[in-house]
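# Chain and residue survey
Now for the letters of each chain:
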Amino acid sequence: MLPAALRRWLHRPKRSDPRLLSQFFYADERVSRVVAEINGLDAELDPQQYLVLLNQLHLSQAQLLAVIERIMEECIPTQRHSRDYLVKFPEELLGDNLGNHMLFAAECLLAGTFMEVEEADSVQLRPQARKLLGSLELVRAVLREQSLSQPGSYSEPVRAVLMQFDRLFAEFELSYVSSLVAVKSPEEIYRQQELIVLFCETVERALRLGYLTQEMIDGYEPLLMFTIPRLAIISGLLIYPEGPLSLEQSPEQMSRVFSPFYNLLKKIRDLLQVLSAEELALLERSLCTAELEEPRGPATAPRVDPPTAWGLLEAPHTDAPAPVCPAGSGLPGKAGGPATDSRQAAGSSPRVRPGTPQGQSELRSRYGSTRDMLHTLFVCISGVADQLQTNFASDLRSILKTVFKIVASQPQPAEETGASQAEEREARAAAAPHVPNCPLCSSAAELHRAGVLPEWVPDSSCSQCSACRSPFTLLRRRHHCRSCGKIFCSRCSPHAAALPHYGQLRPVRVCAHCYAAHLGPAHQ
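A few points on the structure. (Residues numbered from 1 in each chain as written. Predicted model: local features only at pLDDT ≥ 70, side-chain atom pairs only at ≥ 80, totals over all residues. Heavy atoms only, no water.)

## Here we look at the nonpolar core
- Judged by nonpolar contacts, the single largest core of 58 residues is most densely connected at Phe258, Ile268, Leu272, Leu283 and Ile381.
- Breaking this core down by element, the ones donating at least two residues are α7 (186–209), α8 (214–218), α9 (224–239), α10 (262–272), α11 (277–289), α14 (370–391) and α15 (393–407).
- Ranked by residues supplied to this core, first place goes to α14 with 10 residues.
- By size, the runner-up hydrophobic cluster in this structure holds 45 residues, among which are Met72, Leu103, Phe165 and Val177. (Core = buried A, V, L, I, M, F, W, Y, C linked by side-chain atoms within 4.5 Å. Buried < 20%, exposed > 50% of the residue type's maximum accessible area, 1.4 Å probe, protein only. Helix = DSSP H or I, 4+ residues; strand = E, 2+ residues; numbered from the N terminus.)

## With respect to the pattern of salt bridges
- Counting across every chain of the model gives 17 salt bridges.
- Between Arg80 and Glu73 there is a salt bridge, with its nearest N and O atoms 2.7 Å apart.
- For Arg80, a relative accessible area of 18% puts it in the buried group.
- Residue Glu73 is classed as partly exposed on the basis of its relative accessible area of 43%.
- A salt bridge links Arg364 to Glu279; its shortest N-O distance comes to 2.5 Å. One end of the pair, Arg364, is in helix α13 (residues 357–365); the other, Glu279, is in helix α11, with 85 residues separating them in the sequence.
- Three or more residues are tied together by salt bridges with common partners; here these are Glu69, Glu73, Arg80, Arg83 and Asp166. (Salt bridge = Lys/Arg side-chain N within 4 Å of Asp/Glu carboxyl O.)

## With respect to the side chain of Ser60
- With respect to the helices and strands, Ser60 occurs in helix α3 (residues 47–75).
- When near neighbours in sequence (up to four residues on either side) are disregarded, Ser60 contacts Arg30, Val31 and Val34. (Contact = heavy atoms within 4.5 Å.)

## Quick word on the packing of aromatic side chains
- Under the counting rule described, the total for this entry stands at 4 aromatic pairs.
- Ring geometry for Phe165 and Phe169: centres 5.8 Å apart, planes at 55°, overall tilted. In this pair, Phe165 and Phe169 both sit in helix α6 (residues 156–180), 4 residues apart, roughly one turn of the helix. The two residues Phe165 and Phe169 agree in class, both being buried.
- A ring pair is formed by Tyr220 and Phe404, whose centres lie 5.0 Å apart and whose planes are at 50°; its orientation type is tilted. Taken together, the positions of Tyr220 in the loop between α8 and α9 and Phe404 in helix α15 put the pair 184 residues apart, joining distant regions of the chain.
- In this structure Tyr220 comes out as partly exposed when scored by relative accessible area, which is 47%. (Phe/Tyr/Trp six-rings, centres within 6.5 Å; stacked < 30°, edge-to-face > 60°.)

## Quick word on the packing of α10 against α14
- Closest axis-to-axis distance for the α10/α14 pair is 11 Å, and the angle between their directions is 145°. For α10 against α14, the interelement crossing comes out left-handed. On α14, the residues that touch Leu264, Ile268, Leu271 and Leu272 of α10 are Met373, Thr376, Leu377, Cys380, Ile381 and Val384.
- When grouped by side-chain class, the residues that make up the contact of α10 with α14 number 9 nonpolar, 1 polar and no charged. (Axes fitted to C-alpha atoms, helices over the stretch in contact; angles between N-to-C directions. Left-handed = near helix turned anticlockwise from the far one by under 90°. Nonpolar A, V, L, I, M, F, W, Y, C, P; charged D, E, K, R; others polar.)

## Some thoughts on empty space enclosed by the protein
- This model, assessed by the stated rule, comprises 4 cavities of 30 Å³ or more.
- Roughly 60 Å³ of volume is contained in the second largest cavity.
- Of all the secondary-structure elements, those providing two or more residues to the lining of the second largest cavity are α7 and α15.
- The element that contributes the greatest number of residues to the lining of the second largest cavity is α7, accounting for 4 residues.
- Split into classes, the residues belonging to the lining of the second largest cavity amount to 3 nonpolar, 2 polar and 5 charged. (1 Å grid on protein atoms, 1.4 Å probe; cavity = no way out; pocket = protein on both sides within 12 Å on 5 of 7 lines; lining within 4 Å. Points joined across faces, edges and corners; volume = space filled by probe spheres on them.)

Encoded structure:
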């Protein structure tokens, strides 16, 4: 029998071999070489070189784990240990280097140099780390042997050691992360999934009513990080009152994202029930644009100073109602409580239920005008939704990430291009709508007929909306009309239309003028 070193030299795979076992052979060889250099180096005499080698070790170990992961997907795809526990982890931990960090943590635990966890947790994690590293060494030995004998197949011993390593790795990962951060319980995961459903229904309703556009969703506009939670509060309290924001349940039964605002949500809900359909639409549009619009309607009574809107933002779970709250009643249909008892003892009339016409009239009477009432709701809903970005940033980021994946447009397969470029130009010209000469679009007719793209106005040369002249800010962002090339705010460019004469077969953003004068249904 040939010596191991000679057999290794004779049967080593080629570097150009694309098979996974061949790639593992050279990844494992790099790890062994770096480990040998570290063992032969005196870290005290050359600390800089030691740090360089340590960084090389982390990189080579990450490459080795990546190859082993691909081998497990190819060798034991149906026998992998469940990774369902990953949904319990905070969003920021789910990175590409999580596996390599687990391996590094296991090595430090065995060496006794790990300071990231408490000593009691280290004692419990150390046996798991020892088993994991021992299993990894066995996997490396078995895969090396397999790569030198039959690099294109997997024997039964290889499958067995891979399944054992996969199980030990998953168990250590869950135990280690649980000792560092608070992982979600199954109940919390279910409540988060309920919120995802609510947010998706909110987005679909906003698209249907024209508050949002599909282009905004597909473009992942940053403003949506604030807009969607604001609209979701209204949807959860008013449109879907039996959903995850149902106030008929206790704060402990709600998602931890919204439970700290339980008392405030009750008062927001009571005030939302007073609004008419037009007032609700105005409020929702204002929440989307981050600016309260002027209500249109009959003249209101002379304005008086209303209770400050921030009076609603009281400490969570306080039983005593805020004295300045315009909607300071409890749940509809429930009488009594400290406030009601104190008022009855003082000889005043008992508190009316906000869901009744008398209760709605009382709530409205606390405001000098419709704008004051909408301003209160605008500030309070924005305050709750925006505070989620600070207090529950990880949960909200995970929810919105899933929502965007669900509601974003699916990529369409590339169309077969059998026609020549001349035929395409003819088809575009035939599909181009008739555009009359327009004083607001001096060259629109010529550009449309010729299929020439409009002049694209640079962002730097425009500081205000071309239609309403509102200045652009951090929240009021610039949007180009794909038809005329000018820059508008989102309110003045809410439409989407296909521009086949410009090669835009899918609907793209256009301004209100171009849509009404050139591209709307009347001109198709």
